[in-house]
Amino acid sequence: AIDIRVRPHGSAKRYAGKVTTYGPDVDLAVVEIEESVADDFWRKTSDATPVELSESLPALQETVQVLGFPTGGRTICVTEGVVSRVDSIELTPPADTTLV
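**Quick word on the environment of Ala-16**
- Tracing the chain through its elements places Ala-16 in strand β2 (residues 15-23).
- Residues Ala-16 and Ala-38, 22 residues apart in the sequence, show an inter-C-alpha distance of 8.7 Å.
- Apart from the residues lying within four places of it in its own chain, the contact partners of Ala-16 are Ile-4, Arg-5, Ile-33, Glu-34 and Val-37.

Have a look at this one:
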């Protein structure tokens, strides 16, 4: 995407963002708010709880929360569950490694 805009929940205003990394094989991207609009964006979301990203895999039976934007949906979904199995698979690196 050339132009990425992020809209806080309940707001009509959109803010410029940029992809910091992505994984096309797993349909996942991490988007950062552009520095020039970050202060205004975060003021609008001051009541939101920050998401904590882990640097390791969860343990078996650990409770986790997963955020997603389902196909056809209009809002983010949060699902909570317990890890019952951990598998690893080899993923193809993205074609554009300048974002990683």
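**Some words on the sheet that holds strand β1 (residues 4-6)**
- Strand order in the open sheet made by the three strands is β1-β2-β3, with antiparallel pairing throughout. Both edges of this open sheet fall to β1 and β3 (28-33), since each of them pairs with a single strand only. In this sheet, neighbouring strand axes are inclined to one another by 50° on average, regardless of whether the strands run parallel or antiparallel.
- Note that β1 and β2 share three bridges and pair antiparallel. Bridging across to β2, Val-6 finds its partner in Tyr-15.

**Comments concerning a nonpolar patch on the surface**
- A cluster of nonpolar residues, Val-51, Leu-53, Leu-67, Phe-69, Ile-76 and Val-78, forms a patch on the protein surface that exposes about 660 Å² of accessible area.
- Since its relative accessible area comes to 56%, Val-51 is described here as exposed.

**Some remarks on the packing of aromatic side chains**
- Taken as a whole and assessed by the stated rule, the structure comprises two aromatic pairs.
- Plain terms: the ring middles of Tyr-15 and Phe-41 are 5.4 Å apart, the flat faces sit at 85° to each other, and that makes the pair edge-to-face. Residue Tyr-15 is found in strand β2, and its partner Phe-41 is found in helix α1 (residues 35-44); the two are separated by 26 residues along the sequence.
- Considering the side-chain rings of Phe-41 and Trp-42, the 4.8 Å spacing of their centres and the 90° angle between planes classify their relative orientation as edge-to-face.

**Describing the environment of Val-78**
- Within the secondary structure layout, Val-78 lies in strand β5 (residues 77-82).
- Along the backbone, Val-78 and Leu-67 are eleven residues apart, and their C-alpha atoms lie at a distance of 4.6 Å.
- Look past the residues within four positions of Val-78 in its chain and what remains in contact with it is Gln-65, Val-66 and Leu-67.

The rules behind each value
Residues numbered from 1 in each chain as written. Predicted model: local features only at pLDDT ≥ 70, side-chain atom pairs only at ≥ 80, totals over all residues. Heavy atoms only, no water. Helix = DSSP H or I, 4+ residues; strand = E, 2+ residues; numbered from the N terminus. Contact = heavy atoms within 4.5 Å. Pairing = 2+ DSSP bridges. Axes fitted to C-alpha atoms, helices over the stretch in contact; angles between N-to-C directions. Patch = residues over 30% accessible without salt bridge, like charges linked within 9 Å, V, L, I, M, F, W, Y side chains within 5 Å. Areas by Shrake-Rupley, 256 points an atom, 1.4 Å probe, with all protein chains shown as cover. Salt bridge = Lys/Arg side-chain N within 4 Å of Asp/Glu carboxyl O. Buried < 20%, exposed > 50% of the residue type's maximum accessible area, 1.4 Å probe, protein only. Phe/Tyr/Trp six-rings, centres within 6.5 Å; stacked < 30°, edge-to-face > 60°.

Read these as spatial facts, not as claims about activity.
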